[in-house]
Amino acid sequence: MGDLLVSLYDPGLERLGQRTERTDLTIRPVLAPERHIVVAWIQRHFSENWASEAAIAIGRQPSSCLIALSNGQLVGFACYDAIARGFFGPTGVAEASRGQGIGAALLHRTLLAMKAMGYAYAVIGDPGPARFYIDAVGAIEIPVSGKGIYADMLRTPRPAVVT
Ligand SMILES: CC(C)(COP(=O)(O)OP(=O)(O)OC[C@H]1O[C@@H](n2cnc3c(N)ncnc32)[C@H](O)[C@@H]1OP(=O)(O)O)[C@@H](O)C(=O)NCCC(=O)NCCS
């Protein structure tokens, strides 16, 4: 599926907030001195690409990378304005913590942060779990062809396979 578009003025965003409200979860922007911890965590749990994107987001002021903490432990993250202005992502929740509403809570808080920054829409670039965004915030596919901003992206070379 291609890039998705989300209206930040859709009433569904407020409903998502009501559904994901939790007192046992802290969601807040990453502080500059935490950058190395968060970037290493994302690299370990997800990928070097996402760690690179998060490093850019954390370097913004205000930081455009939010983290979710449960009992003081980092369990998830979500960024915006990382690969391009107005883009949501990357985002991820530690495998052991999935299915508890943390990803949806991060999505809600990050989209609210984007709205506060003056955006009316958010783009979700090359989404993996498109259904997650369609169901949570009524995201719709942007009808364009091609890989968009990710076309021609440099990738870490894979080690040669010795046969
Ligand atoms: C996608 C991801 C962030 C969701 O986080 P999560 O904490 O497990 O999600 P939640 O528990 O908040 O789920 C909220 C809702 O979305 C649904 N959902 C969760 N993951 C989904 C997926 N991969 N596909 C479709 N629906 C999904 C849940 O069933 C739930 O539905 P409900 O409200 O009807 O119960 C997490 O699965 C993840 O880190 N995946 C790997 C990284 C990734 O793909 N990131 C997105 C890149 S665009």
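Note that the coordinates shown come from a computational prediction; the quantities given were computed from them, not determined experimentally.

Draft legend 1. Representation of the overall build of the chain. Helix and strand counts for the chain stand at five helices and seven strands. The C-alpha radius of gyration computed for the chain amounts to 16 Å, which stays within 12% of the reference 15 Å derived for 163 residues, consistent with globular compactness. Viewed in the frame of its principal axes, the chain has a C-alpha envelope of about 55 × 40 × 30 Å. Residues counted as buried form 45% of the 163 residues belonging to the chain.

Draft legend 2. Structural context of the environment of Met117. With respect to the secondary-structure elements, Met117 resides in the loop between α4 (102-116) and β6 (121-124). Look at Met117 and you get partly exposed, because its relative accessible area is 46%. Note: C-alpha distance between Met117 and Gly86 (31 residues apart in sequence) is 9.7 Å. Setting aside chain neighbours within four positions, we find Met117 in contact with Pro62 and Tyr80.

Draft legend 3. Seen up close, the pattern of salt bridges. The tally for this structure, following the rule as stated, stands at four salt bridges. Note that Lys147 and Asp126 form a salt bridge whose closest N and O atoms lie 3.3 Å from each other. Of the two residues, Lys147 sits in the segment after β7 (140-141) while Asp126 sits in the loop between β6 and α5 (130-137), which places them 21 residues apart along the sequence. With a relative accessible area of 37%, Asp126 lands in the partly exposed category. Put simply, Arg131 and Asp135 hold a salt bridge, and the shortest N to O gap is 2.9 Å. Placement of both Arg131 and Asp135 in helix α5 is noted, with a separation of four residues, approximately one turn of the helix. Here Asp135 falls in the exposed class, since its relative accessible area comes to 52%.

So, how was this worked out
Residues numbered from 1 in each chain as written. Predicted model: local features only at pLDDT ≥ 70, side-chain atom pairs only at ≥ 80, totals over all residues. Heavy atoms only, no water. Helix = DSSP H or I, 4+ residues; strand = E, 2+ residues; numbered from the N terminus. Rg over C-alpha atoms; globule rule 2.2 N^0.38 Å. Buried < 20%, exposed > 50% of the residue type's maximum accessible area, 1.4 Å probe, protein only. Contact = heavy atoms within 4.5 Å. Salt bridge = Lys/Arg side-chain N within 4 Å of Asp/Glu carboxyl O.

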